[in-house]
Amino acid sequence: MPIPSELHVFETPHWLVNHRTNSALPGYLMIGSKRFADDLFELADEALLELGPLMAKAQKVLRQNLNAERVYIGRYGHSPGHSIHFHVIPIYAWVEALFWQDERYRMLNTIAEGPGETATDGAELTFFVWREFCERLVPPPIQGPGAAEVVERLRDVFRAEPRE
């Protein structure tokens, strides 16, 4: 499934970094293999060597240029027809504040059998981002620049950032 070029942020010989197509959360990036593969072990060594530094660069750019408090990186999907890809999810202070203000997500506390290490965790915030910023027809209001402006900003920053 081709990614619209207006969402392309950066690419290497083996990977495309783009803004997630259905996300209203500015800076929600995807790092996808240009070569179709279901698993990492199917990729060339050169692609694997690019991946770690590219993930680190994405995390650094989101933290330093968009002030993300945390950046979660993970592989989740298993939909047929999609090559291996990774979600790079910025968590801003205002996103976490929205999470705490939404009483529906307090239900998550009823599932745990003991206290967590922190008040919330990456799984809960990722779930919140997916439901609220990717699946809702009308997502919550964002703070700061929108996705289109962020894509432009990130293009410039990724190009200027030295290769690892």
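Residues numbered from 1 in each chain as written. Predicted model: local features only at pLDDT ≥ 70, side-chain atom pairs only at ≥ 80, totals over all residues. Heavy atoms only, no water.

### Points about the packing of helix α2 (residues 93–101) against helix α3 (residues 122–135)
Each pair of packed helices can be described by the angle between their axes along with the distance between the axes. Look at α2 against α3: their axes get within 10 Å of each other, and the N-to-C directions meet at 85°. By the angle class used here, α2 and α3 are roughly perpendicular. On the side of α2, the interface is formed by Trp94, Val95, Glu96, Leu98 and Phe99, while α3 contributes Glu124, Leu125, Phe128, Val129 and Phe133. Split by residue class, the contact of α2 with α3 holds eight nonpolar, no polar and two charged. (Axes fitted to C-alpha atoms, helices over the stretch in contact; angles between N-to-C directions. Helix = DSSP H or I, 4+ residues; strand = E, 2+ residues; numbered from the N terminus. Parallel < 35°, antiparallel > 145°, perpendicular 65-115°, else oblique. Contact = heavy atoms within 4.5 Å. Nonpolar A, V, L, I, M, F, W, Y, C, P; charged D, E, K, R; others polar.)

### Quick look at the sheet that holds strand β1 (residues 8–11)
Within the open sheet, the five strands sit side by side as β1-β2-β3-β5-β4. Their pairing is antiparallel. At either margin of the open sheet sits one strand with a lone partner, and together these are β1 and β4 (70–74). Averaged over all pairs of adjacent strands, the angle between their axes in this sheet comes to 20°, without regard to strand direction. Relative to strand β5 (residues 85–91), β4 is paired through five bridges, and the arrangement is antiparallel. Pairing of Tyr72 across the sheet is with Ile89, part of β5. In this fold α3 packs onto β4 and β5, with an angle of close to 95° to the strand it touches most, β5. (Pairing = 2+ DSSP bridges.)

### So, the packing of aromatic side chains
Scanning the model with the defined rule gives eleven aromatic pairs in all. Arranged with centres 5.6 Å apart and planes meeting at 85°, the rings of Phe99 and Phe128 form a pair that is edge-to-face. Of the two residues, Phe99 is situated in helix α2 and Phe128 in helix α3; the sequence distance between them amounts to 29 residues. For Phe128, a relative accessible area of 1% gives the class buried. Ring-pair connections join several aromatic residues into one group, and the members of that group are Tyr92, Trp94, Phe99, Trp100, Tyr105, Phe127, Phe128 and Phe133. The ring of Phe99 carries Arg106 above its face, with NZ or CZ at 4.6 Å from the centroid. (Phe/Tyr/Trp six-rings, centres within 6.5 Å; stacked < 30°, edge-to-face > 60°. Buried < 20%, exposed > 50% of the residue type's maximum accessible area, 1.4 Å probe, protein only. Lys NZ or Arg CZ within 6 Å of the ring centre and 35° of its normal.)

### As for the pairing of strand β3 (residues 29–33)
Within a regular beta strand, the side chains point alternately toward one face of the sheet and then the other, so they alternate between its two faces. A large share of β3 lies buried, amounting to five of its five residues. In β3, alternate side chains face the same way, and those of Leu29, Ile31 and Ser33 on one face and Met30 and Gly32 on the other are all buried. As paired strands, β3 and β5 are joined by four bridges and run antiparallel to one another. Across the sheet, the residue bridging to Gly32 is His85, located in β5.

### Section: the pattern of salt bridges
Going through the model one piece at a time under the given rule, you end up with ten salt bridges. Arg104 serves as the salt-bridge partner of Asp102, at 2.6 Å between the closest nitrogen and oxygen. Look at Asp102 and you get buried, because its relative accessible area is 17%. Looking at Arg104, the relative accessible area reads 46%, which means it is partly exposed. Linking Glu135 and Arg131 is a salt bridge whose minimum nitrogen-to-oxygen distance equals 2.8 Å. You can see Glu135 and its partner Arg131 sitting in helix α3, four residues apart, about one turn around the helix. Assessed through its relative accessible area of 34%, Arg131 is described here as partly exposed. (Salt bridge = Lys/Arg side-chain N within 4 Å of Asp/Glu carboxyl O.)

### Here we look at the nonpolar core
Within the largest apolar cluster, 44 residues are counted, with the highest numbers of intra-cluster contacts made by Trp15, Leu25, Leu29, Ile31, Leu154 and Phe158. Here the element with the most residues in this core is helix α1 (residues 45–66); it accounts for eight residues. (Core = buried A, V, L, I, M, F, W, Y, C linked by side-chain atoms within 4.5 Å.)

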